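Chain and residue survey
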Amino acid sequence: LLLTDVDGTLVKEGGDKLNPQYYEVIEGLKEEGVTFGVASGRQYASIEHLFEPVKKDMLFLCNNGTYVTCNGKDTFIDRMDREDVLGIIEDVRRIPSSILMYDTIELTYIESGNPGFHRMLRDDYHYAFRQVPDLTRIEEDCIKLSIYCPENMEGIMSKAFVPKWKDRIKASFSGECFLDCMRTDSNKGKALLEVQNLYGIDRSETMVFGDNLNDIEMLSQADFSYAAGNARKEVIIAARYTTAPYWEDGVLLEMKRLLRFLKEQKNI
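Described below are features of the structure shown in this document. Small disclaimer: the values here were computed from a predicted structure and weren't measured. (Residues numbered from 1 in each chain as written. Predicted model: local features only at pLDDT ≥ 70, side-chain atom pairs only at ≥ 80, totals over all residues. Heavy atoms only, no water.)

Description of the nonpolar core
The following threshold applies: Among buried residues, those of type Ala, Val, Leu, Ile, Met, Phe, Trp, Tyr and Cys that are joined through side-chain atoms within 4.5 Å constitute a nonpolar core. Remark: exposure states derive from per-residue accessible area (1.4 Å probe, protein chains only) relative to the maximum for the residue type, with buried under 20%, exposed over 50%, and partly exposed in between. Where helices and strands are cited, they refer to DSSP runs of H or I of at least four residues and of E of at least two residues respectively, numbered from the N terminus. By the convention used here, residues are in contact when the closest approach between their heavy atoms is within 4.5 Å.
Formed by 30 residues in total, the largest nonpolar core has its most connected members in Leu2, Leu18, Tyr22, Leu29, Phe36, Phe51 and Met255. Listing elements by their share of this core, those giving two or more residues are α1 (21-31), β2 (36-39), α2 (44-50), β3 (59-62), β12 (207-210) and α10 (250-267). In contact with Leu2, other than residues within four places in its own chain, are Leu29, Val34, Thr35, Phe36, Gly37, Met207, Phe209, Met255 and Leu258. By size, the runner-up hydrophobic cluster in this structure holds 25 residues, among which are Val92, Tyr102, Cys142 and Met153.

Some points on the packing of α1 against α10
Defined as follows: Throughout, an axis means a line fitted to C-alpha atoms (over the contacting stretch in the case of helices), and angles, computed between N-to-C directions, take values from 0 to 180 degrees. In these notes the angle categories are as follows: under 35 degrees is roughly parallel, over 145 is roughly antiparallel, 65 to 115 is roughly perpendicular, and the rest is oblique. Crossing handedness is defined as follows: a turn of the near helix away from the far one that is anticlockwise and smaller than a right angle gives a left-handed crossing, while the clockwise case is right-handed. Any residue outside Ala, Val, Leu, Ile, Met, Phe, Trp, Tyr, Cys, Pro, Asp, Glu, Lys and Arg is labelled polar, Gly included; the first ten of those are nonpolar and the last four are charged.
Where α1 meets α10, the closest approach of the two axes is 10 Å, and the angle between their N-to-C directions is 30°. With respect to α10, the axis of α1 lies roughly parallel. With respect to the hand of their crossing, α1 and α10 are arranged in left-handed fashion. Facing Gln21, Tyr22, Val25, Ile26, Gly28 and Leu29 of α1, the residues of α10 in contact are Val251, Leu252, Met255, Lys256, Leu258, Leu259 and Leu262. For the contact of α1 with α10, the class distribution of residues is 10 nonpolar, two polar and one charged.

A look at the environment of Gly65
In this structure, Gly65 sits in the loop between β3 and β4 (67-70). Judged by relative accessible area, Gly65 falls into the buried class, the value being 3%. Considering only alpha carbons, one finds Gly65 and Asn187, 122 residues apart in sequence, at a separation of 5.4 Å. Dropping the residues within four chain positions of it, Gly65 is found in contact with Ser40, Phe76, Asn187, Lys188 and Ala191.

Describing the packing of aromatic side chains
To keep things clear, this is the line we draw: Each Phe, Tyr or Trp ring, with Trp reduced to its six-membered ring, pairs with another whose centre is within 6.5 Å; inter-plane angles below 30 degrees give stacked pairs, above 60 give edge-to-face pairs, and intermediate values give tilted ones.
Within this structure, the stated rule accounts for 11 aromatic pairs. A centroid spacing of 5.9 Å and a plane angle of 50° characterise the contact between Phe36 and Phe51, whose relative ring orientation is tilted. One end of the pair, Phe36, is in strand β2; the other, Phe51, is in the loop between α2 and β3, with 15 residues separating them in the sequence. Ring geometry for Phe117 against Tyr148: centres 4.7 Å apart, planes inclined by 35°, an arrangement best described as tilted. Remark: Tyr148 occurs in strand β9 (residues 144-148) and Phe117 occurs in helix α4 (residues 115-123); sequence separation between them is 31 residues.

Side note on the side chain of Ser186
Rules: Throughout this description, a polar contact denotes any pair of N or O atoms lying within 3.5 Å of each other; where both atoms belong to protein, one of them has to be capable of donating a hydrogen while the other can accept it, and for residues adjacent in sequence the pair is counted only when both atoms sit in side chains.
Examined against the element boundaries, Ser186 turns out to sit in the loop between β11 (178-183) and α7 (188-199). Among the polar contacts listed, one links the side chain of Ser186 to the side chain of Asp78, at a separation of 2.6 Å.

Nothing here speaks to function; it is geometry throughout.
Given below as structure tokens:
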């Protein structure tokens, strides 16, 4: 099993173009019996767009692991408590320059009035989203709330918001401008464990790649854990290995190395 994060690991934050060599190597790994997947804070539609040529038989651990699907079959869904969702919406509305995203399985809902942010979601992230006047009136189950704050995200959110909610939700920084809010036990590592149990794959047969704080639980669930060379210091410490940064296609280099090894083993 090979799982990789996207933003900051494969591409720059918000990147929508993948080195085409990835597709060839992914297909090669599949032929050698490797289950390939992506574990990202992004929604399914955004990840699918990036991996369109190889999406068949691919695992999608979406929305920071709160939703797992493969070939149209949902295998895991982690829903937030409605009371927590409404409380977070109320608190975020008091934070200047912040924008809240209400993630469901199929769509992301955003309150109207932020055309620049909407363009970014549409053109950079290729999100499936809908503008609504009031997020509190959405009746669909919420699997993740994402807070976007373009300036000093950690400084602003770490002062009051994160301490207030630390016992009620899992708040994880997933990029320079994003804070993801989920159930207290939700994370990519939990989703990875669900996948390992479902497919009968041991941690000794698992390789993962990440760069940010929301990847740490996933890294701890695999014997072959890699931090991108540009990763945060905490992630490099948590990972067993470090590869080149995303702009040097560090993950691609390791995937090619794995593919060569598997082919050599088959010919012994």
